[in-house]
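Structure at a glance
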Amino acid sequence: MYLCFMDSNPVITIHQNFSLRQYNTFGMQVNAREYTEISEESQIPALLRLIGRYDGKVLFLGGGSNMLFTQDFNGLVVRIATKGIEIVDQDDEFVYVRGMAGETWDDFVQYCVLRNFGGLENLSLIPGNVGSCPIQNIGAYGVEVKDTFYMLDAVSLRTGEFREFFPDECAFGYRSSAFKHELKGQYLILSVTFRLRKHPVLNTSYGSIPAELESLGEEPTVRSVAKAVTNIRRSKLPDPQEIGNAGSFFKNPVVSNQQFNELRTAYPDIPAYAADNLTKLAAGWMIEQCGWKGYREGDAGVHARQALVLVNYGTATGSQIYTLAIQIIESVRSKFGVILEPEVNII
Ligand code: FAD
Ligand code: EPU
């Protein structure tokens, strides 16, 4: 361990050969050549100077819940741990709530749910941090971050310039944004601000939410929808504290309507959703049809209740999970003629 000084004050502590096991939800035992945590925004100028020494070999980490490490990281890993939630503005209709990048996403959501601020309740219990949520425009149960995203603050890693991004600059799409594509690796996201409703408009369009509300015996409210979503998620998705995983390993593929019609002729039960003149297919269904659900080889497997989730039962390596992913891609391609793309970031 050593300290990085700025104006003779130690502001950044750097650890060497640092285990990332507890910082990735797949639980991969890999090391960062160097590792540091940023818990105060005042550390940013020193961080920017430090990054300059690594020739691009820098990886930011939030909760590590969308990462598959297949090898050690031969550079600097920076875990963003800045905390804070603040109401920054409001009017009769809306309240603007800002979360610092290192704030746990679900803590931020529950802060809003408890105050009856509407818009994020369907995104309850998604792992990870506030700073990462715009990167793949996280989504669940009929809602995406882009629906209530107001703006984010970021700093350019190249110029050190601080700037704001509004929705029209973020190119949000399904599991996608400019930060995953043309702006990838160029900005550190510092905070995200949401515009939430004081008079909530609830979204209970996702099939299982009304049924869960009914079994809870509750009318739809911000709190009850959050509770229903939480229950549904717990019933399907493995808890990373118990079984290593990064949620859906693949994106749901989006195909032309013509390709969908051909698939539907061959497979009348294929689940599908309209998506801007295209059709989104359920990758989990296709993986299950290929016989992978519940598959296990050593400690690498496919979750028994959700075939879209690859799991590490303990000692699987990233390469074993990756090999399994390639086998799944190949069998889905061979059976359905559809190419699955990973959703997780593979290092
Ligand atoms: P990390 O995995 O740490 O990082 C993800 C990417 O963002 C990396 O490229 C990293 O370098 C970059 N990054 C992180 N922080 C910053 C920053 N401050 N500035 C710039 N770049 C940064 N996702 C969904 O969309 N919907 C779901 O329903 C869902 N369910 C899940 C369920 C489980 C059980 C798990 C384990 C994951 C699930 N996910 C889901 C995926 C995951 O929770 C999200 O992608 C989440 O936003 C990742 O956040 P993180 O902080 O863990 O990001
Ligand atoms: N299905 C199967 N078998 C399976 C899994 C799913 O047949 O093993 C079928 C279901 O019966 C349903 C359809 O596939 O007809 C969709 O399943 P589900 O509602 O469980 O959602 P998903 O498409 O598998 C997506 C997101 C999740 C998100 C849920 C809820 C992606 C890649 N995944 O999963 O996000 O939580 O919807 O909205 O879009 C994540 O991104 O990490 C993630 C967990």
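Residues numbered from 1 in each chain as written. Chains lettered and ligands numbered in written order. Predicted model: local features only at pLDDT ≥ 70, side-chain atom pairs only at ≥ 80, totals over all residues. Heavy atoms only, no water.

1. With respect to the overall build of the protein chain
- Helix and strand content of the protein chain: 7 helices and 21 strands.
- For the protein chain, the C-alpha radius of gyration of 21 Å lies close to 20 Å, the compact-globule estimate for 347 residues.
- If one aligns the C-alpha atoms of the protein chain with their principal axes, the spans along those axes are about 70 × 55 × 35 Å.
- Burial analysis of the protein chain (347 residues in total) assigns 50% to the buried set.
- Within the protein chain, contacts between residues at least 6 apart in sequence are counted, and of these 59% link residues at least 24 apart.
- As presented, the protein chain carries roughly 16400 Å² of accessible surface, and 46% of it is formed by carbon and sulfur atoms. (Helix = DSSP H or I, 4+ residues; strand = E, 2+ residues; numbered from the N terminus. Rg over C-alpha atoms; globule rule 2.2 N^0.38 Å. Buried < 20%, exposed > 50% of the residue type's maximum accessible area, 1.4 Å probe, protein only. Contact = heavy atoms within 4.5 Å. Areas by Shrake-Rupley, 256 points an atom, 1.4 Å probe, with all protein chains shown as cover.)

2. So, the site of ligand 1
- The local shell around ligand 1 holds 31 residues, among which Phe60, Gly62, Ser65, Ser132 and Arg233 are the closest.
- Gly64 has a polar backbone atom sitting 2.8 Å from an oxygen atom of ligand 1.
- Asn66 is positioned with one of its backbone polar atoms (N or O) 2.9 Å from an oxygen atom of ligand 1.
- Starting from 990 Å² of accessible surface for ligand 1 in isolation, the protein chains cover 92%.
- Elements that contribute at least two residues to the shell around ligand 1 include exactly strand S4 (58-61), strand S9 (139-140), strand S13 (187-197) and strand S14 (244-248).
- Split by residue class, the shell around ligand 1 holds 15 nonpolar, 14 polar and 2 charged. (Near = heavy atom within 4 Å. Polar contact = N/O pair within 3.5 Å; in protein donor to acceptor, adjacent residues only side chain to side chain. Nonpolar A, V, L, I, M, F, W, Y, C, P; charged D, E, K, R; others polar.)

3. Focus: a nonpolar patch on the surface
- The grouping of Tyr322, Ile326 and Ile346 at the surface amounts to a nonpolar patch, some 240 Å² of accessible area in total.
- Here Ile326 lies in helix H7 (residues 318-336). (Patch = residues over 30% accessible without salt bridge, like charges linked within 9 Å, V, L, I, M, F, W, Y side chains within 5 Å. Salt bridge = Lys/Arg side-chain N within 4 Å of Asp/Glu carboxyl O.)

4. Overview of the domain arrangement of the protein chain
- Looking at the assigned domains, one finds that the protein chain contains domain 1 (2-80), domain 2 (85-236) and domain 3 (244-346).
- Look at where the C-alpha atoms of domain 2 and domain 3 centre, and you get two points 25 Å apart.
- Domain 2 puts 8 residues into the contact, and the matching count from domain 3 is 9 residues.
- Note on domain 2 versus domain 3: buried area summed over both sides is about 720 Å², and carbon and sulfur give 38% of it.
- Linking domain 2 with domain 3 are 1 salt bridge.
- Here Arg175 makes a salt bridge to Glu343, at a shortest N to O gap of 3.1 Å.
- On inspection of domain 2 and its partner domain 3, the count reaches 5 residue pairs in polar contact (both at pLDDT 80 or more).
- Looking at side-chain class alone, the side of domain 2 that touches domain 3 contains 1 nonpolar, 2 polar and 5 charged residues. (Domains from an automatic or database assignment. Buried area = accessible area lost by both parts, 1.4 Å probe.)

5. Some details on the site of ligand 2
- Taken together, 23 residues lie near ligand 2, and Tyr141, Tyr174, Tyr206, Glu288 and Glu343 sit nearest.
- Here an oxygen atom of ligand 2 and a side-chain polar atom of Tyr206 are 2.5 Å apart.
- Protein contacts shield 81% of the accessible area of ligand 2, which totals 810 Å² for the unbound molecule.
- Secondary-structure elements contributing two or more residues to the shell around ligand 2 are helix H4 (222-236), S14 and helix H6 (283-289).
- The leading source of residues in the shell around ligand 2 is H6, at 3 residues.
- Residue composition of the shell around ligand 2, by class: 11 nonpolar, 5 polar and 7 charged.
- Of the domains in this structure, domain 2 (85-236) and domain 3 (244-346) are the two that each give at least three residues to the shell around ligand 2.

6. A word on the packing of aromatic side chains
- Tallied over the full model, the rule gives 18 aromatic pairs.
- Their ring planes at 65° and their centres at 6.4 Å tell us that Phe26 and Phe249 sit as a pair that is edge-to-face. Of this pair, Phe26 sits in the loop between strand S2 (9-19) and strand S3 (31-38) while Phe249 sits in the loop between S14 and strand S15 (254-255); the two residues are 223 residues apart in sequence, bridging distant segments of the chain.
- We classify Phe249 as buried; its relative accessible area is 1%.
- Taking 4.9 Å as the distance between ring centres and 80° as the angle between the ring planes, the aromatic pair formed by Trp292 and Tyr295 counts as edge-to-face.
- Here the aromatic cluster, defined as three or more aromatic residues joined through ring pairs, consists of Phe18, Tyr23 and Tyr35.
- Above the ring of Phe165, the side-chain terminus of Arg163 is found at 3.7 Å from the ring centroid.
- Here the basic side chain of Arg296 rests over the ring of Tyr313, its NZ or CZ set 4.0 Å away from the ring centre. (Phe/Tyr/Trp six-rings, centres within 6.5 Å; stacked < 30°, edge-to-face > 60°. Lys NZ or Arg CZ within 6 Å of the ring centre and 35° of its normal.)

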